[in-house]
Amino acid sequence: VLKTIQVMEESPLFNAGKGAVFTNAGTNELDASFMDGKTLNAGAVAGVKDVKSPIELAIKIMTDSEHVMLSGEGASAFAKEKGLDIVNPSYFYTENRIQSLQKIINQEKTELDHNDKKANFYDPIIKDSKFGTVGCVALDKFGNIAAGTSTGGMTNKRWGRIGDAPIIGSGTYANNQTCAVSCTGSGEFFIRGNVAYDVSCLISYAGKSLTEACTEVVHKHLIALGGDGGLIAVNAQAEIAMVFNTEGMYRGYRHSQGDHFIGIYEN
């Protein structure tokens, strides 16, 4: 999970790490979380501006502190103490993202960077920016599962806004007995619906399959709240679900035996 998410954090194509979107103040505020399905231990970070790999910091918080979530300057201080890579905030600058911010400011509105409606895919400014929070769920050969999520949040966000990505149970959740989930979408609604944990609960309490649980949460519970987005999930039996209620969601999987899939739109 760490290595996969780091590849995307270091790419300017995704809304995480190097490609993170800009806040209203013209800064980048990064969030991430990780959960271990075997131990139910978790770590998360919110609003950091100078840590190269937020997902690495989230895991370090899990393994090297008694806490689950750290934020802002305190999280950065912890990262420095633990020897993580600290970068100048200018490292996160990309021209596409600053243009997207300027366009939104000009329109005097707030826009979700990862709203995958077709109208946005063909927007002349942001069509090539490969929107989206990044996440990974994984199953190892011992039957343990884990989930991680990393994001720059919402373009033009203000007042230290934090979405679902760093919140355990909302944007990320993992339990060997049920599933590992990573979410992307309209964060406020994922928080209100406790979406990642909701999937686990439907498996644990209602006896639903992984696909049934993910489908019910994304296409019923989330829509009923008014939210859009999607999620990726895996369970200890190697079943995979990648469900979304938007026009598209960048997604893929690879099995150890070589089976693989990559998708953008529903079909």
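Residues numbered from 1 in each chain as written. Predicted model: local features only at pLDDT ≥ 70, side-chain atom pairs only at ≥ 80, totals over all residues. Heavy atoms only, no water.

Overall, antiparallel pairing links the four strands, which are arranged β6-β7-β8-β9 in an open sheet. For this open sheet the edge positions go to β6 (172-174) and β9 (240-244), each flanked by a neighbour on one side alone. Between one strand and the next, the sheet's axes are offset by a mean angle of 10°, whatever the strand orientation. Pairing geometry for strand β7 (residues 180-185) and strand β8 (residues 229-234), over six bridges, is antiparallel. For Cys183, the partnering residue across the bridge sits in β8 and is Leu231. With respect to the sheet, helix α8 (residues 210-225) is in contact with β8 and β9, its orientation differing from that of β9 by roughly 10°. (Pairing = 2+ DSSP bridges. Helix = DSSP H or I, 4+ residues; strand = E, 2+ residues; numbered from the N terminus. Axes fitted to C-alpha atoms, helices over the stretch in contact; angles between N-to-C directions. Contact = heavy atoms within 4.5 Å.)

To continue, consider the pattern of salt bridges. A full pass over the atoms with the stated rule returns five salt bridges. A salt bridge links Lys80 to Asp50; its shortest N-O distance comes to 4.0 Å. Taken as a pair, Lys80 in helix α3 (residues 72-81) and Asp50 in the loop between β2 (42-48) and α2 (54-64) lie far apart in primary sequence, 30 residues in all. With a closest N to O distance of 3.3 Å, Lys208 and Glu216 form a salt bridge. A single network of salt bridges, built from pairs that share partners, joins Lys60, Asp64 and Lys82. (Salt bridge = Lys/Arg side-chain N within 4 Å of Asp/Glu carboxyl O.)

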